[in-house]
Amino acid sequence: MRWNFSWPVFRRFGSAFAIGVALAATSGCTVPVDAVAGISVTDDGHLLGIMMVCGHHIDGATLYVDSSDADKEVTVGSWTADRSLTAGLATWTLDSPSAGWTATRPLEPLTAKTTYDLYGWTEDNSWSSGNVSFTVTDRDRLTTGTVRYDDVSDNGDESAVTVPVAEFKAKACENN
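None of the values given here were measured: they were computed from a predicted structure.

The rules behind these values
For every chain, the first residue of the written sequence is number 1, and numbering continues from 1 along that sequence. This being a predicted model, a pLDDT of at least 70 is required before a residue's local features are given, and a value of 80 or more before pairs of side-chain atoms are given or counted; all residues contribute to the totals for chains, interfaces and linings. Excluding hydrogens and water, the side-chain figures rest on all heavy atoms present in the structure. Helix numbers and strand numbers start at the N terminus; a helix is a DSSP run of H or I with at least 4 residues, a strand a run of E with at least 2. By definition in these notes, contact holds between two residues if any of their heavy atoms fall within 4.5 Å. Think of a salt bridge as a Lys or Arg side-chain nitrogen and an Asp or Glu carboxyl oxygen that are within 4 Å of each other. Buried means the residue's accessible area, taken with a 1.4 Å probe over protein chains only, is under 20% of the maximum for its type, while exposed means over 50%, and partly exposed covers the values in between. Among buried residues, those of type Ala, Val, Leu, Ile, Met, Phe, Trp, Tyr and Cys that are joined through side-chain atoms within 4.5 Å constitute a nonpolar core. Strands were regarded as paired on the criterion that DSSP finds at least two bridges between them.

Topic: the side chain of Ser-98
Along the chain, Ser-98 falls in the loop between strand S5 (88-93) and strand S6 (101-105). Residues in contact with Ser-98, not counting those within four places in the same chain, are Trp-92 and Thr-93.

Thoughts on the pattern of salt bridges
On inspection of all chains with the given rule, the structure shows four salt bridges. A salt bridge links Glu-108 to Arg-105, with the shortest nitrogen-to-oxygen separation between them at 2.6 Å. Exposure remark for Glu-108: the relative accessible area of 31% places this residue in the partly exposed category. Judged by its relative accessible area of 35%, Arg-105 falls in the partly exposed class. Measuring nitrogen to oxygen at the nearest pair gives 3.4 Å for the salt bridge that ties Arg-148 to Asp-138. With Arg-148 in strand S10 (residues 146-152) and Asp-138 in helix H2 (residues 136-141), this residue pair connects regions lying ten residues apart in the sequence. What makes Arg-148 buried here is its relative accessible area of 14%.

Some details on the nonpolar core
Of all hydrophobic cores here, the largest spans 26 residues; its most connected members are Met-51, Leu-63, Leu-85, Leu-110 and Leu-118. Looking at this core, the elements with two or more residues in it are strand S1 (33-41), strand S2 (47-53), strand S3 (58-65), strand S4 (75-85), S5, strand S7 (116-121) and strand S9 (132-134). Discounting residues that sit within four places of it in the chain, Leu-63 has contacts with Val-74, Thr-75, Val-76, Gly-77, Trp-79, Leu-107, Leu-110, Tyr-116, Asp-117, Leu-118 and Phe-134. Judged by nonpolar contacts, the second largest core, of nine residues, contains Leu-48, Met-52, Val-147 and Val-163.

A closer look at the pairing of strand S11 (residues 158-164)
In this structure, S10 lies alongside S11, joined through seven bridges in antiparallel fashion. Across the sheet, Val-147 pairs through a bridge with Val-163, a residue of S11. The turn linking S10 back onto S11 is made up of five residues, and Gly-156 within it adopts a positive phi angle of 95°.

A look at unusual backbone geometry
One non-glycine residue with positive phi stands out, namely Lys-113, at about 65°. By secondary structure assignment, the location of Lys-113 is in the loop between S6 and S7. Unusually for a residue other than glycine, Asn-125 sits at a positive phi of about 60°. By the secondary structure assignment, Asn-125 is in the loop between S7 and strand S8 (128-130). Judged by relative accessible area, Asn-125 falls into the exposed class, the value being 53%.

In structure tokens, the structure reads:
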């Protein structure tokens, strides 16, 4: 029995296989985003975590030092909600005990000239929030009733904005 071998078919199959391998290698596994993290301050200057859950749930939040080198990212605070956060707005103080939250890693003192990121997560890695980046200077510019968060435009560009809480609640989930 003789095999009929077709080079054009072999080349097409080989090309399709190579494209599939390339796509698999370049597409990272990420947790879907369905919430938006933000920060604010209380009347007496305490730092607040703000989480707008858009539809599913979030179980906690982590604050870490932002670094382009993943090995240099350091967690400076982590909190777990007593119950999963569902659609809507949640707030908690980051630097003192807060009802409904457990500090799994109490907040370390924040330092000048350091960029921090706050993001939300689920225990089973099924959902996450978009993160908010900030410095101590950014925090010091906040006033009670405003939220700093990273807004995502219709074309996918991100920019840090500070808006009233009502606007955050109304618009944060628009591009998630």
